[in-house]
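Listed below are the residues making up each chain.
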Amino acid sequence: MSDEYVLDATGVTMRFGGLTAVRGVDLRVGSGEIVGLIGPNGAGKTTFFNCLTGLYVPTEGTVRYRGTVLPPKPHLVTKAGIARTFQNIRLFAHMTVLENVLVGRHTRTKEGLLSALLRGPGFRRAEAESRERALELLEFTGLAAKADHLARNLPYGEQRKLEIARALASDPGLLLLDEPTAGMNPQETRVTEELVFAIRDRGTAVLVIEHDMRFIFNLCDRVACLVQGEKLVEGTADVVRGDERVVAAYLGTTEGAAA
Amino acid sequence: MHELPQTLANGLLLGSMYGLIAIGYTMVYGIVQLINFAHGEVFMTGGFGALTAFLMLPSGVSLWLALPVMLLAAVLVSTSVAVLAERLAYRPLRGSSRLAPLITAIGLSIAIQQMVWAWYPDAKQARTFPHLPGGPYELGPVTVQTGDVFLVVAAVLSMLALMWFVRSTRTGRAMQATAQDPDTSRLMGINTDRIIVTAFAIGAAFAALAAVAHGLRYGQVDFRMGFITGLKAFTAAVLGGIGSIQGAMLGGLALGLAEALAAGYVKFLPGLELFGGGAWANVWAFVLLIVVLLIRPQGLFSKLTADRA
Amino acid sequence: MNTVTRLTKTAPAAPVVQEVSPARPASLGRALAAAGGALTAASTLVAWTWTPAFPGDLTVNGWPGGLQVLTLASGLLTVLAALGAYGVRGFRWAVPAGATTALRLFALGGLAVTWFAVGAISWTLGGSINVEPGGWFAAAASVVPVVGAFLLPQDPRVPLKPRQLPSWAELLLIAAAAGAGLLVFTYGIGTEGELFAGFLITAGFAAAGLAKAGLLARLTGLTARHRTTASAATLVAAIAFPFTGSDETYMSVGVNILIFATVALGLNVVVGLAGLLDLGYVAFLGVGAYTAALVSGASASALGIHLPFWAAVLAGGLVSMLFGLLIGAPTLRVRGDYLAIVTLGFGEIFRIAVNNLDGKSGPNITGGPGGIPNIPDLSLFGFDFGATHVIAGVPLGRFANYFLLMLLVTAVVVVVFQRVGESRTGRAWVAIREDETAATAMGINSFKLKLIAFALGAALAGVAGTVQAHVSYAVVPDPYQFAGAVPPNSAFLLAAVVLGGTGTVAGPLIGAALLYLIPMKLQFMQDYQLMAFGIALILLMRFRPDGLVADRRKRMNDEAAGATA
């Protein structure tokens, strides 16, 4: 039964010296779900993400992906099937859009140095396949026309989309999105919403950190609220929205202006 | 085996010299993440500054009177070189790639070495450095020279002063802040430019101290003396945990001890008979560095800090 | 709501030109530039000095000699650019990106080299009395085009898309460019002292002018479209070098440049592609050289075996790679800056070690300071590399033979560099260089990939070292230091890569050639060479940190910046 959960985090705690940033957080994400993670700034959301992806080794607790405990090394976590985007966009600025996505594909291909030097038919086939898959993803995110542009020259909204496309290139079972609509206008936010639905429909579960309440409540099957490193409440959108403690922790209205 | 105390003493003396120089490396690296390649030359020019001061004093002046003047001159020269380097060579490159400042530092190091070689009178060979009067002192099984006493006293006093400075003065605390988060520090009103220059200057002053000690101990200054010693001092800084001032001194002591012990005792290890002695001491220091990096990459004496993703 | 103004990439319909004052300065400027250029060129046909004591023989009326040839070249380039500025039919191709800056550079180049010549004559012969009226005429004439060029208004054209030429024409152009390159190189290698200095000045201004005129960009476009032909043309030109009849000294220079350039290219894999700071790279060259020396039948060799050449090369590469793995494995796991210090340390340790493995302070493996002498010459398939052979009517001596052999190695390294640069591995390296955290989040095992880069670089240097061992007859510890007056050493290698431009093939090759020739040819500056080198590094990083040859990504970046400006 445990592998129907794409993500199963139990008792995750992260301590830095005297500071406990994340305290005993449990979270489960089933395949086909979109789960939201909200909370005021500094609540430990990104730290929690970093614990999931191996960037930090949790002081306590375990993280399981489809039943297996993940080794705390980011590249192995991605290989297992969890991909992520970053709060501050971390694209490969001097690579083209296509190259960024090709790099995302790295863990699903295996042609190494020898193959690159010999350039046999296997190498050519692998490169062609990777390109095809990458272009497909660019189509999916609406960036196909800019495949040969340098990533740093894209406008902000498209950079965010590129990050998502790059993360999807590793065929993940779970996608972690860290504030994907930060700095976007309502129109762009709506487009992102549709994109996330499409991602879920393709078979990837999504766990998203956001401050935009409307976005979160439209999108997510379940929402968890983190305050000062602890999970305050978890449930459907209505349950969380109505909880007084959540409203108190946030200074926003239920209209949910973007932070 | 009866040499052990003497070997240890030599190691500690050598190590304190490395430590003094390492402080300069660690302070600069801690704040601007730059390996100040030219710091070895800051050390070297300090030595020549001291020599020049000595030569300019009327002959027959007691060395005890001359010493403070020489120290002052050394500090002046070192600090000028370091501050000029920061202002003219490093500051314009702040914010650029990692490679550019490193290459600049290498160029600076080479250029300064060559300037001394070409323009300082008779610097093509080593130049003799004065000797402190007063015979060798016997402290039990250990013999020390007067210069060594000077080194130990100077090292201890200056370390204490620096610790006080960093902990208790405004500038010192500002330096810590800048090292941890330069952008926020600037927003808090800290003049990061001035802090950086201060770091360079303090590091240079310590290197000058070490240079005078070096001159007194070995009896000469040489335009090349910055290169290997500088390299070892940076190794010491890494060993102790880069960015940590205590780490720099402790790393220096550790390195000095390792070198002295290796030079004296490796030849007793089976199979390594030919690898002892001064010739191979540097090799063993390097091996030590590799081993430490393998086992404890953050340095022997540092504390783990979090890294925000 | 943001509105983004989109600019199309076609040529603007109506260039926005600020109608600054009268058009007179422009036409006057063009006239002066053209006439001045022609005059300067013509002035080289008269004598500039009365005695052949000044090198190059500038005493002949009716024929340019020595430095006059350089002035002639500058003058002709000025005229060419001026004709382009006039928009004369048939010459518009000369300045696709705008004439003004190019004209200024060519004219300044002519001025610089002519006045340098006159100055050099006065200096060496002891007084300006030794300059003939022709020389003064040249000095005056060379001012004219400069005045003219600076009268011209700025000409900021958007570079026109080149007219598509038929394939055969493009291939011919590439071949011509390769040929021109060979000529320039052969000329440069054959000059000494003042002439070399003048050559540097002219070549520098000319290259800058060609770049600003947009011609270099055109050439790069051509080579990008016809990669195989461009590579073949360069290879043919390189092979032709030994057949140009230069004597053995220049062949020796040529082969050493090639070795230096190949090692620089290997370093480019480590520094340029993967972004790893290696400050002790020359040690890998040394490991390869010593390995080859030990296994190639030198009488002083402690191993006393004589492997065939291919096995020696393999051995050199493998042993180097092994050391690369040994050094890399502990160091690449930690912060990148530590690698710099560790590699620097390794470089020094290597030198100390080989110096002391002489039987007295250590077991006798490397022969200590004396090294391993008398490495026998190669003999492959009956071809004795040590002997002179006459091929196609040209006598090829020992160094010429080794030049051709080394060329083969260089070609292999170039292919390796290109293939690995454009592959999954190469992309991963760039990703690590750009943002290591993001790269690992994308599934890249950054430690493994950095180690591969480091080991590959070491192996390539080792292979180059095996050839070097044979070329220099003997292997000694001296050259393998961090910095010294004579390349190759680690500082010079790093400088060659950085000067040329990291991440490209042409960059380190050009950088290596320049860095090898300049200290060698400017012997009169011997005492100050290393100092100048240090200062040059500082200035280079301050004003042109990307080096001479911009790599593909920087070019794309500049293009994009231009389009959206």
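Residues numbered from 1 in each chain as written. Chains lettered and ligands numbered in written order. Predicted model: local features only at pLDDT ≥ 70, side-chain atom pairs only at ≥ 80, totals over all residues. Heavy atoms only, no water.

Draft legend 1. Structural detail: the sheet that holds strand β9 (residues 222–227) of chain A. Residue and element names in this part refer to chain A. Pairing within the open sheet is mixed, and its six strands lie in the order β6-β7-β8-β3-β9-β10. The sheet is open, and its two borders are formed by β6 (82–84) and β10 (230–235), each paired with just one other strand. Each strand of the sheet is rotated relative to its neighbour by a mean of 20 degrees, with strand direction disregarded. With five bridges joining them, strand β7 (residues 174–178) and strand β8 (residues 205–209) adopt parallel strand pairing. Looking across to β8, one finds that Leu176 is bridged to Leu207. Its contacts with the sheet place helix α6 (residues 156–168) against β6 and β7, and it is angled at close to 155 degrees to β7. (Pairing = 2+ DSSP bridges. Helix = DSSP H or I, 4+ residues; strand = E, 2+ residues; numbered from the N terminus. Axes fitted to C-alpha atoms, helices over the stretch in contact; angles between N-to-C directions. Contact = heavy atoms within 4.5 Å.)

Draft legend 2. Local environment of helix α12 (residues 336–356) of chain C. The terminal C-alpha atoms of α12 of chain C lie 31 Å apart, and with 21 residues this matches the ideal 30 Å at 1.5 Å per residue to within 8%. Most of α12 of chain C is tucked away: 18 of the 21 residues are buried. (Expected span 1.5 Å × (residues − 1). Buried < 20%, exposed > 50% of the residue type's maximum accessible area, 1.4 Å probe, protein only.)

Draft legend 3. Geometry of the domain arrangement of chain A. All names here are of chain A. Its domain assignment divides chain A into domain 1 (1–81 + 172–259) and domain 2 (91–171). The centre of domain 1, based on its C-alpha atoms, is set 26 Å off from the matching centre of domain 2. Taken together, the contact between domain 1 and domain 2 spans 19 residues of the former and 14 residues of the latter. With both sides pooled, the region where domain 1 packs onto domain 2 buries about 1,400 Å², and carbon together with sulfur makes up 66% of that total. Area buried by domain 1 at its contact with domain 2 is led by Pro172, Leu195 and Arg202, which between them contribute 40% of it. Connecting domain 1 to domain 2 are zero salt bridges. Contributions of two or more residues to the side of domain 1 that touches domain 2 are made by α2 (74–80), β7 and α7 (186–201). Element by element, the count of residues in the side of domain 1 that touches domain 2 is highest for α7, at four residues. Looking at the side of domain 1 that touches domain 2, its residues break down into 10 nonpolar, four polar and five charged. (Domains from an automatic or database assignment. Buried area = accessible area lost by both parts, 1.4 Å probe. Salt bridge = Lys/Arg side-chain N within 4 Å of Asp/Glu carboxyl O. Nonpolar A, V, L, I, M, F, W, Y, C, P; charged D, E, K, R; others polar.)

Draft legend 4. The side chain of Asp222 of chain B, seen in detail. Mapped onto the secondary structure, Asp222 of chain B falls in the loop between β4 (220–221) and α9 (225–240). Residues contacting Asp222 of chain B, with those up to four places away along its chain left out, are Met44, Phe48 and Ala126 of chain B.

Draft legend 5. Inspection of helix α6 (residues 193–213) of chain C at higher detail. All names here are of chain C. A rise of 1.5 Å per residue sets the reference length of α6, with its 21 residues, at 30 Å; its end C-alpha atoms lie 30 Å apart and thus fit the reference within 8%. Of the positions making up α6, those classed as buried are Gly193, Phe196, Ala197, Gly198, Phe199, Thr202, Ala206, Gly209 and Ala213. Where α6 is buried, its residues touch α2 (67–86), α3 (100–125), α5 (167–189), α7 (215–225) and α18 (506–521).

Draft legend 6. View of the sheet that holds strand β5 (residues 68–69) of chain A. Residue and element names in this part refer to chain A. Reading across from one edge, β2-β1-β4-β5 is the order of the four strands in this open sheet, with antiparallel pairing throughout. Of all the strands in the sheet, just β2 (19–30) and β5 have a single pairing partner and so form its edges. In the packing of helix α1 (residues 45–52) onto the sheet, the strands contacted are β1 (5–16), β2 and β4 (60–65), and the crossing angle to β1 comes to about 115 degrees.

Draft legend 7. Geometry of the nonpolar core. Ile106 and Phe150 of chain B together with Leu279, Trp429 and Phe533 of chain C are the most contacted members of the largest nonpolar core, which has 258 residues in total. Broken down by element, the residue count for this core peaks at 17 residues, all from helix α9 (residues 248–273) of chain C. The contacts of Ile106 of chain B, once residues within four sequence positions are left out, are Phe37 of chain B together with Leu279, Phe482, Ala491, Leu494 and Leu537 of chain C. The next biggest cluster of nonpolar side chains, apart from the first, holds 41 residues, and it includes Ile164, Ala169, Val196 and Leu219 of chain A. (Core = buried A, V, L, I, M, F, W, Y, C linked by side-chain atoms within 4.5 Å.)

Draft legend 8. Up close: the packing of helix α10 (residues 245–265) of chain B against helix α11 (residues 277–295) of chain B. All names here are of chain B. Relative orientation of the contacting elements α10 and α11 amounts to 135 degrees, with a least axis distance of 8 Å. Taken together, the axis directions place α10 and α11 in an arrangement best described as oblique. Of the two possible hands of crossing, α10 and α11 adopt the one that is right-handed. Of the residues in α11, those touching α10 at Leu255, Ala258, Glu259, Ala262 and Ala263 are Gly277, Gly278, Ala281, Asn282, Trp284, Ala285 and Leu288. For the contact of α10 with α11, a count of residues per class yields eight nonpolar, three polar and one charged. (Parallel < 35°, antiparallel > 145°, perpendicular 65-115°, else oblique. Left-handed = near helix turned anticlockwise from the far one by under 90°.)

Draft legend 9. Seen up close, the interface of chain A and chain C. On the side of chain C, 33 residues touch chain A, which itself brings 36 residues to the contact. The junction of chain A with chain C conceals about 3,100 Å² of combined surface from both sides, 59% of it contributed by carbon and sulfur atoms. Of all residues in chain A, His75, His106 and Leu113 of chain A bury the most surface against chain C, accounting for 19% of the area lost on that side. Where chain A touches chain C, the interface holds 14 residue pairs in polar contact (both at pLDDT 80 or more). (Polar contact = N/O pair within 3.5 Å; in protein donor to acceptor, adjacent residues only side chain to side chain.)

Draft legend 10. The environment of Ala147 of chain A, seen in detail. All names here are of chain A. Along the polypeptide, Ala147 turns up in the loop between α5 (121–141) and α6. Classification of Ala147 as buried rests on a relative accessible area of 9%. Considering only alpha carbons, one finds Ala147 and Val97, 50 residues apart in sequence, at a separation of 5.0 Å. Here Ala147 is in contact with Thr96, Val97, Leu98, Leu135 and Leu138, once residues within four sequence places are set aside.

Draft legend 11. Representation of the pattern of salt bridges in the model. Residues and elements named next belong to chain B. Summed over the entire model, instances satisfying the criterion amount to 31 salt bridges over all chains. Asp193 is the partner of Arg94 in a salt bridge, and the nearest nitrogen-oxygen pair spans 2.8 Å. Placement of Arg94 in the loop between α3 (63–90) and α4 (99–119) and of Asp193 in helix α8 (residues 192–218) is noted, with a sequence separation of 99 residues between them. Owing to a relative accessible area of 35%, Arg94 belongs among the partly exposed residues under this scheme.

Draft legend 12. Fine view of the interface of chain C and chain B. Facing 44 residues of chain C, the contacting portion of chain B comprises 42 residues. Where chain C abuts chain B, roughly 3,900 Å² becomes buried across the two surfaces, and 82% of that area is made up of carbon and sulfur atoms. It is Tyr338, Ile341 and Met531 of chain C in chain C that bury the most area against chain B; as a group they hold 16% of the surface buried on that side. Joining chain C to chain B, the criterion identifies zero salt bridges.

Draft legend 13. Seen up close, the packing of α3 of chain B against α4 of chain B. All names here are of chain B. Two elements in contact, α3 and α4, have axes separated by 11 Å at closest approach and are oriented at 135 degrees. The orientation of α3 with respect to α4, classified from their angle, is oblique. Pair α3 / α4 crosses with right-handed handedness. For the pair formed by α3 and α4, the contact residues are Val81, Ala85, Ala89 and Tyr90 on the first element and Pro101, Thr104, Ala105, Leu108 and Ile112 on the second. Here the contact of α3 with α4 is composed, by residue class, of eight nonpolar, one polar and no charged.

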